[in-house]
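These are the residues of each chain, in order.
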Amino acid sequence: MTSMSSSARPLLNRRLAEFGTTIFAEMSALAVRTGAINLGQGFPDTDGPEEIREAAVRALRDGRGNQYPPGPGVPELRAAVAGHQLSRYGLSYDPDTEVLVTAGATEAIAAALLALLEPGDEVVALEPYYDSYAACVAMAGGTRVPVTLRPHEGAFRLDLDELRDAVTDRTRLLLLNTPHNPTGTVLTRQELAAIAELAVERDLLVVTDEVYEHLVFDTAEHIPLASFPGMRERTVTIGSAGKTFSFTGWKVGWVTAAPALLTAVRSAKQYLTYVASGPFQYAVAEALALPESYFAAYRADMEAKRDLLAAGLAEAGFGVYRPAGTYFVTTDIRPLGVSDGFAFCRSLPERAGVVAVPNAVFYDHREEGAPFVRFAFCKQASVLEEAVRRLKAAAG
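Residues numbered from 1 in each chain as written. Predicted model: local features only at pLDDT ≥ 70, side-chain atom pairs only at ≥ 80, totals over all residues. Heavy atoms only, no water.

## Things to note about the UniProt feature "domain: Aminotransferase class I/classII large" (unreviewed entry) in the protein chain
- The feature "domain: Aminotransferase class I/classII large" (unreviewed entry), as annotated in UniProt, sits at residues 36-391 in this numbering.
- The distance from the first to the last C-alpha atom of residues 36-391 is 11 Å, and the span holds 41% helix and 18% strand. (UniProt positions renumbered as here; feature names shortened; annotations may be inferred. Helix = DSSP H or I, 4+ residues; strand = E, 2+ residues; numbered from the N terminus.)

## Overview of the sheet that holds strand E12 (residues 328-332)
- Read across the sheet, 4 strands follow the order E11-E12-E15-E14 without closing on themselves; strand pairing throughout is antiparallel. If you trace the sheet from one side to the other, it starts and ends with strand E11 (319-321) and strand E14 (357-358), each paired once.
- Looking at chain direction, E11 and E12 are connected through 3 bridges and run antiparallel. What sits directly across from Val-320, in E12, is Thr-331. (Pairing = 2+ DSSP bridges.)

## Some words on the pairing of strand E4 (residues 143-148)
- Along E4, 5 of the 6 residues are buried, which leaves the element largely enclosed by surrounding structure.
- Handedness of the crossover joining strand E3 (residues 122-127) and E4 through helix H5 (residues 131-139): right-handed. (Buried < 20%, exposed > 50% of the residue type's maximum accessible area, 1.4 Å probe, protein only. Right-handed = clockwise from strand over helix to strand, strands pointing away.)

## Remarks on helix H12 (residues 341-352)
- Looking at H12, one finds that the buried residues are Gly-341, Phe-342, Phe-344, Cys-345, Leu-348, Pro-349 and Ala-352.
- Its buried side turned inward, H12 meets helix H1 (23-34), strand E13 (354-355), E14, helix H13 (366-369), strand E15 (372-376) and helix H14 (381-395).
- Its side-chain oxygen 3.0 Å from the backbone nitrogen of Phe-342, Asp-340 forms the N-cap of H12.
- Two residues or fewer after H12 comes Gly-353, characterised by a positive phi angle close to 70 degrees. (Contact = heavy atoms within 4.5 Å. Polar contact = N/O pair within 3.5 Å; in protein donor to acceptor, adjacent residues only side chain to side chain.)

## A word on the environment of Gly-312
- Its location among the elements puts Gly-312 in helix H11 (residues 292-315).
- The spacing of Gly-312 and Ala-387 is 75 residues in sequence and 8.8 Å in space, taken between C-alpha atoms.
- Residue contacts for Gly-312: discarding those within four places in its chain leaves Val-388 and Lys-392.

## A short note on the sheet that holds strand E2 (residues 99-102)
- Read from one edge to the other, the open sheet built from 7 strands follows the order E2-E10-E9-E8-E7-E3-E4, with strand pairing classed as mixed. In this open sheet, the two strands that pair with only one neighbour each are E2 and E4. Between one strand and the next, the sheet's axes are offset by a mean angle of 20 degrees, whatever the strand orientation.
- Pairing analysis gives 4 bridges linking strand E9 (residues 235-240) to strand E10 (residues 253-256), with the strands arranged antiparallel. Across the sheet, the residue bridging to Ser-240 is Gly-253, located in E10. (Axes fitted to C-alpha atoms, helices over the stretch in contact; angles between N-to-C directions.)

## Looking at the pattern of salt bridges
- Enumeration according to the criterion identifies 28 salt bridges in this entry.
- Linking Glu-368 and Arg-150 is a salt bridge whose minimum nitrogen-to-oxygen distance equals 3.1 Å. With Glu-368 in helix H13 and Arg-150 in strand E5 (residues 150-152), this pair connects stretches of sequence that are 218 residues apart.
- Residue Glu-368 is classed as partly exposed on the basis of its relative accessible area, which comes to 28%.
- Among the ionic pairs, Asp-203 bridges to Arg-234, the shortest N-O distance being 3.1 Å. Of this pair, Asp-203 sits in the loop between helix H7 (189-201) and strand E8 (205-209) while Arg-234 sits in the loop between E8 and E9; the two residues are 31 residues apart in sequence, bridging distant segments of the chain.
- Asp-203 sits in the exposed class, given a relative accessible area of 58%.
- When salt bridges that share partners are traced, they join Asp-218, Glu-303, Arg-306, Asp-307 and Arg-322 into one network. (Salt bridge = Lys/Arg side-chain N within 4 Å of Asp/Glu carboxyl O.)

## Remarks on unusual backbone geometry
- The linkage connecting Glu-127 with the following residue, Pro-128, adopts the cis geometry, with an omega of 5 degrees.
- With omega at 15 degrees, the peptide bond leading from Asn-181 into Pro-182 counts as cis.
- Relative to the helices and strands, Pro-182 resides in the loop between strand E7 (171-177) and H7.
- Residues other than glycine seldom take positive phi values, yet Glu-153 does so here, at roughly 50 degrees.
- Tracing the backbone shows Glu-153 in the loop between E5 and strand E6 (155-157).
- Relative accessible area serves as the criterion here: at 72%, Glu-153 is assigned to the exposed category.
- We note that Thr-326 has phi near 70 degrees; this positive angle belongs to a residue other than glycine.
- Counting through the fold element by element, Thr-326 comes out in the loop between E11 and E12.

## A closer look at the environment of Thr-143
- Among the structural elements, Thr-143 can be located in strand E4.
- When the C-alpha positions of Thr-143 and Arg-170 are compared, they lie 9.5 Å apart, and in sequence the two are 27 residues distant.
- Here Thr-143 is in contact with Gly-120, Asp-121, Glu-122, Val-123 and Val-137, once residues within four sequence places are set aside.

## Remarks on the layout of surface pockets
- Quantified by volume, the largest pocket comes out at close to 550 Å³.
- As for the largest pocket, its lining consists of 27 residues, of which Gly-42, Thr-106, Tyr-130, Lys-243 and Lys-251 are closest to the centre.
- For the lining of the largest pocket, the secondary-structure elements that each account for two or more residues are helix H4 (104-116), H5 and helix H8 (241-245).
- Element by element, the count of residues in the lining of the largest pocket is highest for H4, at 4 residues.
- The class makeup of the residues in the lining of the largest pocket is 10 nonpolar, 12 polar and 5 charged.
- Roughly 420 Å³ of volume is contained in the second largest pocket.
- Along the wall of the second largest pocket there are 20 residues; nearest its centre are Glu-18, Phe-19, Asp-131, Val-361 and Arg-366.
- Of all the secondary structure elements, the ones that give two or more residues to the lining of the second largest pocket are H1, H5 and H12.
- A per-element tally of the lining of the second largest pocket places H5 first, with 4 residues. (1 Å grid on protein atoms, 1.4 Å probe; cavity = no way out; pocket = protein on both sides within 12 Å on 5 of 7 lines; lining within 4 Å. Points joined across faces, edges and corners; volume = space filled by probe spheres on them. Nonpolar A, V, L, I, M, F, W, Y, C, P; charged D, E, K, R; others polar.)

The following block contains the structure:
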């Protein structure tokens, strides 16, 4: 066996060289090692509805989905997704030509970007952004152009002039996320209308990640970008069962888009996982048909947990940005006398027995995100109460 010479090129594709182990893997390992409460990674600590779990068991036992499901997804789920978009938002999609089931939203993002980008294309994305966005743009050979959401009057806000200025002749695509992880911002109707006008004016494609669509609080509302004039034919909308039904391990996501766009995304997706999550697709089809009372109760439960954690973090001395959506709270650690989120999060498990995530990992402009730290509140109330008690004790 020939050993590699020291002059050999690096093993990892240079497009991925800047991406090491994800921060979620690092912080979750730290939680396990220290026995700390993990408020870093965004997964619930209880399962979703029992009847949906039983639907998955029933599908397994009945032999539905145990072999390869159809490439676009099982017909029942595609019909359920189309029904969801129509009943909630008045958006009509053909289950056969305009709905694609994916291995979670993460694969949907990857397939969309790999399908729609050529090397050198620019992608304008809202910063901070979920870490897979940057990696998928890189894998597609694109260039990411961040537009930074900045704190203003207690929330992170989009500067529409900055967004417009970021678009050049090389811009192919806008990559949006609302409700927004990690900041909890929910783009308003006026902001979305301005984004739609820009996309139409500059003939841009848009990929919009709407996995937290059912987690909007207070007076915020979720409005799909595809519902604005001129947007249906240029927008790839991404949804997910994991965040809405608390079965993140099932990895069932979906894309809705006009036929030509969907065909392009499916062309890339078929060479990623091909298909996934067979029996779970049948269960998610049933989940999407749950009564409105389920969605309302889920939202109310998460809103109460948001309030519990946000209040506790404020009492522990953090600057708190109260989220209008998602299940994350972004905090500012400068009131605690520190400003390096990485160092803070790496020492927090030992000091306080709690794990959080530094927002700087979601920024190209690391200095912009340096003092911000994200906590997840999709946990049992008793767990959040104990985390708050530990943080207050550590703050002295």
